[in-house]
Amino acid sequence: MAHSAAAVPLGALEQGCPIRVEHDRRRRQFTVRLNGCHDRAVLLYEYVGKRIVDLQHTEVPDAYRGRGIAKHLAKAGSSDQWLSPLRLAPRPPWTSLWRRI
């Protein structure tokens, strides 16, 4: 596993401000920096065995909820771009909600 953070720009937080999801494999998390570097939204994950990834949960600060940030974290976490040859554990239902939006 690589220990560097990879960034993937996804959508927009506010007009003219792109949402940038960073992947930190060492910490097993995806993050979005909010309001500079101080506030962050996060999606935590764990490995189940050697080839299965379990997306645990998202945390988005109250002031930023309802803006689609968790959706972008879930998209990044379930992306084939980083998962291959891994696969997702069959849980929890909220991780597939972004597909319906």
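This section reports on the structure supplied with the text. Small disclaimer: the values here were computed from a predicted structure and weren't measured.

Reading the values: the criteria
Residue numbers restart at each chain and count upward from 1, following the sequence in its written direction. Residue-level local features of this predicted model are given only where pLDDT is at least 70; pairs of side-chain atoms are given and counted only at 80 or more, and the full residue set underlies all totals for whole chains, interfaces and linings. Neither water nor hydrogens contribute to the side-chain values; these are computed over all heavy atoms in the structure. Strand pairing follows a simple DSSP-based rule, namely that at least 2 bridges must link the two strands. Strands here are runs of E lasting at least two residues and helices are runs of H or I lasting at least four, both read from the DSSP assignment and numbered beginning at the N terminus. In this scheme Phe, Tyr and Trp rings, the latter by its six-membered ring, pair at centre separations within 6.5 Å, and the angle between planes marks the pair as stacked below 30 degrees, edge-to-face above 60, and tilted otherwise. Buried means the residue's accessible area, taken with a 1.4 Å probe over protein chains only, is under 20% of the maximum for its type, while exposed means over 50%, and partly exposed covers the values in between.

As for the pairing of strand β5 (residues 52–59)
Then comes step 1: Alignment of strand β4 (residues 39–48) against β5, held across seven bridges, turns out to be antiparallel. From the neighbouring strand, L44 faces β5, where its bridge partner is H57.
Then comes step 2: In this structure, the hairpin formed by β4 and β5 is closed by a connection of three residues, where G49 is found at a positive phi of approximately 75°.
Then comes step 3: As defined by bridge partners, β5 adjoins strand β6 (residues 87–88) across two bridges and the pair is classed as parallel. Its bridge partner being in β6, I52 is matched across the sheet by R87.

What about the packing of aromatic side chains?
Then comes step 1: The tally for this structure, following the rule as stated, stands at four aromatic pairs.
Then comes step 2: Centroid distance F30 to W82: 5.5 Å. Interplanar angle 65°. Geometry classified as edge-to-face. Of this pair, F30 sits in strand β3 (residues 29–34) while W82 sits in helix α2 (residues 80–83), placing them 52 residues apart in sequence.
Then comes step 3: You can call F30 buried: its relative accessible area is 4%.
Then comes step 4: Taking the centre distance of 5.8 Å and the plane angle of 80° together, the rings of Y45 and Y47 count as edge-to-face. The burial state of Y45 is the same as that of Y47; both residues are buried.
Then comes step 5: Grouped by ring-pair contacts, the aromatic residues F30, Y45, Y47 and W82 constitute a single cluster.

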